[in-house]
Amino acid sequence: MISELKAALDIVDSILQKAKASAVERNRDRVLVAIYRLGDNGHKSVTPEQLETQGGFSKSQVLKAIEEAEEKDWIIDVSSFSGTAWLLKPKAIYHIEGLLKR
């Protein structure tokens, strides 16, 4: 009985982990698409302020998405004295264009 309960809980845990991972990926992809569009199809850098005001994202959403993109090496931090900004790498642009063709 206990082993059956543990197996059922393991299945539920697996489902919840997948849902959490897909939510993180959805947020990352939404923010990357916004960077792509706001940045002239990936050719210009985008600031956090642009993502918040024009993209409608919260600071938390932007931060989490940028961290995910950095882990995949899809984004370049082009911050300067004038502020923080990001630019997409070619492999991120390729990924985004694939998403947009769906």
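To start, this report covers the structure provided alongside it.

What counts and how
Residues numbered from 1 in each chain as written. Predicted model: local features only at pLDDT ≥ 70, side-chain atom pairs only at ≥ 80, totals over all residues. Heavy atoms only, no water. Core = buried A, V, L, I, M, F, W, Y, C linked by side-chain atoms within 4.5 Å. Buried < 20%, exposed > 50% of the residue type's maximum accessible area, 1.4 Å probe, protein only. Helix = DSSP H or I, 4+ residues; strand = E, 2+ residues; numbered from the N terminus. Contact = heavy atoms within 4.5 Å. Salt bridge = Lys/Arg side-chain N within 4 Å of Asp/Glu carboxyl O.

Here we come to the nonpolar core. Leu32, Ile35, Leu51, Ile75 and Leu88 are the most contacted members of the largest nonpolar core, which has 20 residues in total. Those elements giving two or more residues to this core turn out to be helix H1 (2–38), helix H3 (59–71), strand S2 (86–88) and helix H4 (90–101). Ranked by residues supplied to this core, first place goes to H1 with six residues. If we ignore the near neighbours within four places in the chain, the residues touching Leu88 are Leu32, Ile35, Tyr36, Gly42, Trp74, Ile75, Ile93 and Ile96.

The subject of this paragraph is unusual backbone geometry. Residues other than glycine seldom take positive phi values, yet Asp40 does so here, at roughly 55°. One can find Asp40 in the loop between H1 and helix H2 (48–53). The backbone phi angle of Asn41 is positive, close to 60°, even though this residue is not glycine. Mapped onto the elements of the fold, Asn41 is located in the loop between H1 and H2.

By the definition in use, this model includes four salt bridges. Close ionic contact of Glu52 with Lys59 constitutes a salt bridge, the shortest N to O distance being 3.9 Å. Overall, the relative accessible area of 62% leaves Lys59 in the exposed class. Across the pair Lys89 and Asp73 runs a salt bridge whose closest N-O atoms are separated by 2.6 Å. Of this pair, Lys89 sits in the loop between S2 and H4 while Asp73 sits in the loop between H3 and strand S1 (75–77), and the two are 16 residues apart along the sequence. Owing to a relative accessible area of 21%, Lys89 belongs among the partly exposed residues under this scheme. Its relative accessible area of 37% is what places Asp73 among the partly exposed residues. Through salt bridges with shared partners, a single network forms among Asp73, Lys89 and Lys91.

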